[in-house]
Amino acid sequence: MKKSRILFASLAGSVIEWYDFYLYGTATGLVFSTLYFPSHDPAISLLLAFLTFGAGYAARPLGSIIFGHMGDRIGRKASLIFTLIGMGGSSMLIGVLPTYAQVGLLAPVLLVVLRLIQGIALGGEWGGAILLATEYAPKGLRGLYGSIPQMGVPIGLVTGSFSLTLISYLTTNSQFMAWGWRIPFLLSGVLIALAIWVRSGIEETPAFKKEKESGNIAAVPIVETFRKDWKNVLRAIGLKVGDGFFNVFSMSYLLVFATIYLGYSRDTALTALTIGCATMLISIPLFGFLSDYIGRKLIYIGGLVLMFLLVVPYFSLIDEGAGWLYLMQAIMLGVLWGAIFATQGTLFAELFPANVRYTGLSVGYQVAAAIAGFGPIMWGTMAESFGPSPWVFGGFMMAGLTISIILSVYMPGSQKKAVTTSTKDNANTIAQKL
């Protein structure tokens, strides 16, 4: 099977899953806080709305167990089809959900249920997309292949945010609040159908086929994972939690932080977010490619250390004007987090044996993501108590990054250079395989 189709299948599904997930995040402050959590105090409404946003993160570990079990028992392909169905179905239903004014408390209850389904679906998607790419990767290019589905995060975020922004621009405020915001959610149904069509045409990964043919299939993958590889699950959680908090801040909470506490317009905040994501589209495949030559561990540690050193300056400078906000987003989100995230999927996959790999890397990553997903609740409290203090917010980030740096230094040495061929040979391999 052509590797280009495999990469497209892993990227396309990832883009759409993250489109739906971040579309909800963008709509949280714009729509849901008003239409589904009305209150005489706007701050209370926003807090309640972000609790549902966090609920999606909290549900992701459950999804990692459910779809990890399916992926390690039945196959990567089957699991990835069901994650798309779960995400697409819940997003479409959000698009037709009645408001609080129409059905009362039933509206926020249903919204939370659908957000939980989104989280469960995404909890299984990320690990499966990574394995679809890395388990098909030719020798010496696993890092590059593993970075491709990671690009779904910035593409999905920008697409989701842009779709709501475009609809807002084309409608009046009353039209947007009445029906305009629903269009991007309904559109996800079409996109999901296309992604399912693409993924249904691919074969099972060679690694899973080998495990199945040898009979080395775990009866209960989650039990097997914690029986033999519990240290690596904990290691993955710790490795992710540091950059996870910054990721959630700079790709979700930034829109609230920049507009409410720093006084920027929403257009300025969205532009900063877009610049960071656009930079990632270059940095992610670049660092993925480099990781096959200089090692994933080196890039990962370097990204974490530089982020630790620059996180306080980041919070100091983004308040100094739009130009600084744009620059720091490009550096911190686009380059440094891009370097960390580019290597993260392949790095985590290499921690686990093939028969529990889907479960192991998914559970480790998604538990850390669930912890980071409640960052907006803590940051809202911090901002109300201390204002947008660089040392308060930067210190918070540094605490998480310290954990990740320590664990990355003592990470097993298996994440060394993954190539034995020359640069020229690898360039020829890319041309032949795609």
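Residues numbered from 1 in each chain as written. Predicted model: local features only at pLDDT ≥ 70, side-chain atom pairs only at ≥ 80, totals over all residues. Heavy atoms only, no water.

The name an unreviewed UniProt entry gives the chain is MFS transporter, with Fictibacillus fluitans as the organism. A UniProt comment under Subcellular location (unreviewed entry) is attached to the chain, and it reads "Cell membrane". (UniProt positions renumbered as here; feature names shortened; annotations may be inferred.)

Before we go on, may I ask you to explain the overall build of the chain in this structure?
Within the chain, the regular secondary structure consists of 19 helices and zero strands. Considered along the principal axes of its C-alpha atoms, the chain spans approximately 60 × 45 × 40 Å. Residues classed as buried in the chain amount to 59% of the 434 residues present. For the chain, the share of sequence-separated contacts (at least 6 apart) that also reach a separation of at least 24 residues comes to 85%. Accessible surface, the chain: about 16,300 Å² in total, of which carbon and sulfur atoms supply 70%. A distance of 9 Å separates the average location of the 28 positive side-chain charges in the chain from that of its 20 negative side-chain charges. (Helix = DSSP H or I, 4+ residues; strand = E, 2+ residues; numbered from the N terminus. Buried < 20%, exposed > 50% of the residue type's maximum accessible area, 1.4 Å probe, protein only. Contact = heavy atoms within 4.5 Å. Areas by Shrake-Rupley, 256 points an atom, 1.4 Å probe, with all protein chains shown as cover. Lys, Arg positive; Asp, Glu negative; His and termini not counted. Charge placed at Lys NZ, Arg CZ, Asp CG, Glu CD.)

Quick question: what am I supposed to make of the pattern of salt bridges here?
Oppositely charged side chains can pair when the atoms bearing their charge come close. If you walk through the whole model with that rule in mind, you get eleven salt bridges. With a shortest N-O distance of 2.7 Å, Glu125 and Arg199 are connected by a salt bridge. Here Arg199 lies in helix α9 (residues 182-200) and Glu125 lies in helix α5 (residues 106-134), a separation of 74 residues in the sequence. On the basis of relative accessible area, Glu125 is assigned to the buried category, the value being 0%. The closest approach of N and O atoms between Glu350 and Arg142, which form a salt bridge, is 3.1 Å. Of the two residues, Glu350 sits in the loop between α15 (322-349) and α16 (357-373) while Arg142 sits in helix α6 (residues 142-147), which places them 208 residues apart along the sequence. (Salt bridge = Lys/Arg side-chain N within 4 Å of Asp/Glu carboxyl O.)

When you look at the packing of helix α1 (residues 3-35) against helix α3 (residues 76-95) in this model, what are you seeing that I'm missing?
At their nearest, the axes of α1 and α3 sit 10 Å apart, and the two run at 25° to each other. With respect to α3, the element α1 is oriented roughly parallel. The hand of the α1/α3 crossing is left-handed. Contact with α1, carried on its side by Gly13, Glu17, Asp20, Phe21, Tyr24 and Phe32, involves Thr83, Leu84, Met87, Gly88, Ser91 and Ile94 of α3 and no other residues of that element. Residues that form the contact of α1 with α3 fall into these classes: six nonpolar, four polar and two charged. (Axes fitted to C-alpha atoms, helices over the stretch in contact; angles between N-to-C directions. Parallel < 35°, antiparallel > 145°, perpendicular 65-115°, else oblique. Left-handed = near helix turned anticlockwise from the far one by under 90°. Nonpolar A, V, L, I, M, F, W, Y, C, P; charged D, E, K, R; others polar.)

Looking at this structure, how should I read a nonpolar patch on the surface?
A contiguous nonpolar patch, built from Val305, Leu306, Leu309, Leu310, Trp324, Leu327 and Ile331 and spanning about 560 Å² of accessible area, is present on the exposed surface. Contributions of two or more residues to the nonpolar patch are made by α14 (296-317) and α15. Per element, the largest residue contribution to the nonpolar patch is four residues, and it comes from α14. With respect to the secondary-structure elements, Leu310 resides in helix α14. Its relative accessible area of 30% is what places Leu310 among the partly exposed residues. (Patch = residues over 30% accessible without salt bridge, like charges linked within 9 Å, V, L, I, M, F, W, Y side chains within 5 Å.)

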